[in-house]
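Structural characterization, general
Okay, here's what each chain looks like letter by letter:
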Amino acid sequence: VILADALRHNKSLQFMSLGRNNFTAKGRKAFSTLLCNKSSIEETFSSNHTLECLGSNDELSVHHLLALNLSDDKRAMAMNKVVKFHLSELLVIMGVKLLPNIMTTLGAKQKDSCHEQCKRDLLSAMFSIVRNTPALFQYVSADDGNQDVFDIVDG
C-alpha cells in the first residue's frame, strides 16, 4: 500500500519488477486504484498513466489497467480512462448536444496514439454512446408547419 501511494505522482517510472511478492487483497486494490482511481472523473484523470509493467501482472490482477497506459500520449490515456469508466457521467454533464464533438475527439484525435486495446475501448465507448442516445440519429422536418421526427437508421 505504501509503495502504491508513493507512485501516485510518478511521471517517469514505466517498468518495475514486483514478481514473487505475496500481495494481500489490500495491496492489489491499492495498485488497481493507483492505475485507475474510479471514484470520480477527476481522480480517474489524475491516476497514474505512466506505469506500463509491474513484472508479475497476474499476481496483482492489474494487467488490463496497465494495458491502458501503453501509449506515448498520456493525456489521451487519461481521457480514455475517463471515457471508459465514467461515460454515463460525461453524458449527463456535457449533454447530448456535445456528443458529436465527443465522438469526433474519441475517433480522430487519439487514433494514432493508442495501443490496440485502447482503440477497442474507444470503439466500444463510441458504440455505447450511439446505442444509448437515439436522439443523435433523428432529425426534425418542418414541412408545412408540421414537425415530424424521422429516425435516420430506420429511414
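Residues numbered from 1 in each chain as written. Predicted model: local features only at pLDDT ≥ 70, side-chain atom pairs only at ≥ 80, totals over all residues. Heavy atoms only, no water.

**As for the overall build of the protein**
Helix and strand content of the protein: 8 helices and 2 strands. Written out in order from the N terminus, the α and β elements of the protein read α-α-α-α-α-α-α-α-β-β. In the protein, buried positions account for 37% of the 155 residues. A sequence separation of at least 24 residues applies to 59% of the contacts in the protein between residues at least 6 apart. Total accessible area on the protein is roughly 9500 Å²; 55% of this is exposed by carbon and sulfur atoms. (Helix = DSSP H or I, 4+ residues; strand = E, 2+ residues; numbered from the N terminus. Buried < 20%, exposed > 50% of the residue type's maximum accessible area, 1.4 Å probe, protein only. Contact = heavy atoms within 4.5 Å. Areas by Shrake-Rupley, 256 points an atom, 1.4 Å probe, with all protein chains shown as cover.)

**What about the pattern of salt bridges?**
Taken as a whole, this structure holds 2 salt bridges when the rule is applied. Close ionic contact of K74 with E52 constitutes a salt bridge, the shortest N to O distance being 3.4 Å. Of the two residues, K74 is situated in helix 6 (residues 74-94) and E52 in the loop between helix 3 (41-45) and helix 4 (57-60); the sequence distance between them amounts to 22 residues. The buried category is assigned to E52, whose relative accessible area is 15%. (Salt bridge = Lys/Arg side-chain N within 4 Å of Asp/Glu carboxyl O.)

**Some thoughts on the side chain of H49**
With respect to the helices, strands and loops of the structure, H49 is situated in the loop between helix 3 and helix 4. Reaching out from H49, the side chain makes a polar contact with the backbone oxygen of F45 at a distance of 2.7 Å. Once you skip the residues sitting within four places of it in the chain, H49 turns out to touch T44, N69, K74, M77, A78 and K81. (Polar contact = N/O pair within 3.5 Å; in protein donor to acceptor, adjacent residues only side chain to side chain.)

**Thoughts on helix 2 (residues 25-35)**
All of the buried residues in helix 2 are G27, A30, F31, L34 and L35. With its buried residues spanning 130° around the axis, helix 2 presents them on a single face. The exposed set on the far side of helix 2, more than 90 degrees from its buried face, consists of A25, K26 and K29. (Arc of directions from axis to C-beta.)

**Focus: a nonpolar patch on the surface**
Residues I93, M94 and L98 make up a contiguous nonpolar surface patch of roughly 270 Å² in combined accessible area. Of note, I93 is situated in helix 6. (Patch = residues over 30% accessible without salt bridge, like charges linked within 9 Å, V, L, I, M, F, W, Y side chains within 5 Å.)

**Focus: the nonpolar core**
The tendency in soluble globular proteins is for nonpolar side chains to be buried as a group. Residues F31, L51, L54 and V62 are the most contacted members of the largest nonpolar core, which totals 16 residues. Among the elements that line this core, the one with the most residues is helix 2, at 4 residues. Grouped together as the second largest cluster of nonpolar side chains are 7 residues, V83, L87, L90 and I129 included. (Core = buried A, V, L, I, M, F, W, Y, C linked by side-chain atoms within 4.5 Å.)

**Topic: the environment of D5**
Within the secondary structure, D5 sits in helix 1 (residues 2-6). The exposed category is assigned to D5, whose relative accessible area is 52%. Taking the C-alpha atoms as reference, D5 lies 9.5 Å from T33; in sequence the two are 28 residues apart.

**Some points on the side chain of N69**
Along the chain, N69 turns up in the loop between helix 5 (63-67) and helix 6. In this structure the side chain of N69 is engaged in a polar contact, spanning 3.3 Å, whose partner is the backbone oxygen of N48. Separated by 2.7 Å, the side chain of N69 and the backbone oxygen of L51 make a polar contact. Setting aside its immediate chain neighbours within four residues, N69 contacts L35, N48, H49, T50, L51, E52, K74, M77 and K81.

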